[in-house]
Amino acid sequence: MVIRALTDLLRRLPPSCGTVRLVGVDGHAGSGKSTFAAELAVALGDAPVLRLDDVASHEELFSWDGRLLSEVVEPLERGATARYFPYDWRARRFGPARELPPAPVILVEGVGAGRRALRPHLARLLWMDLPREEAWARGRSRDGEEQREFWSGWVEAERRHFAEDPSRPFADLLVRQSAQGYEVLPGPAGSVGPDQFVTHRDGSSAMC
């Protein structure tokens, strides 16, 4: 019910990047962004998902915004197919080009999806509303001992990024996991209006 109501909302939004409605799904590492974005993409009819893990690299955990703008955002604004080079975290190098043609809705999922360089191009910004310590604990548990050293560096890098360029204050909607699946609430930048909805206590959702 919640996912369906959210897809209806997103489809009705005016385009934000050429003919595309770019929708950011941001939150702390381990907060459930990838899982939620995958479910939302299916509900949107297999909408493309641009994973920021494919854009970042060991050397540029957060200083990738210039490449994202030139390789993805600017072509989409022109109505052209974007081409970017997904990063291989094991091989530590960028791989072959991947094409991203314009679509009615494209989800941009990852830590930093709501950064100031991208916000002007987003139709909506969604924030996975899980406290950072809880999210990081989930991420460490998911990735196991093999990624322990990486996580130590990542946590500090994420702290610095959000201290300098926070996303949550600009989120239109907050997404919270619940026993029923998800709850969606107005975010700090949003207000309940004709194009938003809230989740009721009984788990249903409605446009307001």
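Please refer to the structure higher up on the page.
Scope of this entry: the structure provided in the associated data block.

A look at the nonpolar core
Part 1 of the argument: Judged by nonpolar contacts, the single largest core of 35 residues is most densely connected at Leu22, Leu50, Trp64, Leu68, Val72 and Leu76.
Part 2 of the argument: Here this core takes 5 residues from helix α5 (residues 148–164), the largest share from any one element.
Part 3 of the argument: Val2, Leu10, Ala123 and Met128 belong to the second-largest nonpolar core, a separate cluster that totals 23 residues.

Notes on unusual backbone geometry
Part 1 of the argument: Of note, the phi angle at Asp46 is positive, near 65°, even though the residue is not glycine.
Part 2 of the argument: Here Asp46 is to be found in the loop between α2 (33–43) and β2 (49–51).
Part 3 of the argument: Here Asp46 falls in the exposed class, since its relative accessible area comes to 62%.
Part 4 of the argument: Phi at Arg92 takes a positive value of approximately 60°, unusual for a residue other than glycine.

Concerning the packing of aromatic side chains
Part 1 of the argument: Evaluation of the coordinates by the stated rule reveals 5 aromatic pairs.
Part 2 of the argument: Their ring planes at 70° and their centres at 4.8 Å tell us that Phe36 and Tyr182 sit as a pair that is edge-to-face. Placement of Phe36 in helix α2 and of Tyr182 in strand β10 (residues 181–186) is noted, with a sequence separation of 146 residues between them.
Part 3 of the argument: Note on Tyr182: relative accessible area 10%, which makes it buried.
Part 4 of the argument: Plain terms: the ring middles of Tyr87 and Trp89 are 5.0 Å apart, the flat faces sit at 90° to each other, and that makes the pair edge-to-face.
Part 5 of the argument: For Tyr87, a relative accessible area of 5% puts it in the buried group.
Part 6 of the argument: Classification of Trp89 by relative accessible area gives partly exposed; the value is 26%.
Part 7 of the argument: Each residue in the set Tyr87, Trp89 and Phe94 is aromatic and connected to the rest through ring pairs, giving one cluster.
Part 8 of the argument: For the cation-ring pair, Arg115 lies above Trp64, with the distance from its terminal atom to the ring centre recorded as 4.5 Å.

Some thoughts on the pairing of strand β1 (residues 21–26)
Part 1 of the argument: Across the 6 residues that make up β1, a large majority, 6, are buried.
Part 2 of the argument: Burial along β1 is two-sided: the face carrying Arg21, Val23 and Val25 and the face carrying Leu22, Gly24 and Asp26 are both buried.
Part 3 of the argument: Here 5 bridges tie β1 to strand β7 (residues 105–109), and the two strands are oriented parallel to one another. If you follow Leu22 over to β7, its bridge partner there is Ile106.
Part 4 of the argument: In terms of strand pairing, β1 meets strand β8 (residues 122–128) through 5 bridges, oriented parallel. Bridge pairing in β8 links Asp26 to Trp127.

A few points about the sheet that holds β8
Part 1 of the argument: Overall, mixed pairing links the 6 strands, which are arranged β2-β7-β1-β8-β9-β10 in an open sheet. Both edges of this open sheet fall to β2 and β10, since each of them pairs with a single strand only. Direction aside, neighbouring strands of the sheet carry axes that sit 25° apart on average.

About the criteria used
Residues numbered from 1 in each chain as written. Predicted model: local features only at pLDDT ≥ 70, side-chain atom pairs only at ≥ 80, totals over all residues. Heavy atoms only, no water. Core = buried A, V, L, I, M, F, W, Y, C linked by side-chain atoms within 4.5 Å. Buried < 20%, exposed > 50% of the residue type's maximum accessible area, 1.4 Å probe, protein only. Helix = DSSP H or I, 4+ residues; strand = E, 2+ residues; numbered from the N terminus. Phe/Tyr/Trp six-rings, centres within 6.5 Å; stacked < 30°, edge-to-face > 60°. Lys NZ or Arg CZ within 6 Å of the ring centre and 35° of its normal. Pairing = 2+ DSSP bridges. Axes fitted to C-alpha atoms, helices over the stretch in contact; angles between N-to-C directions.

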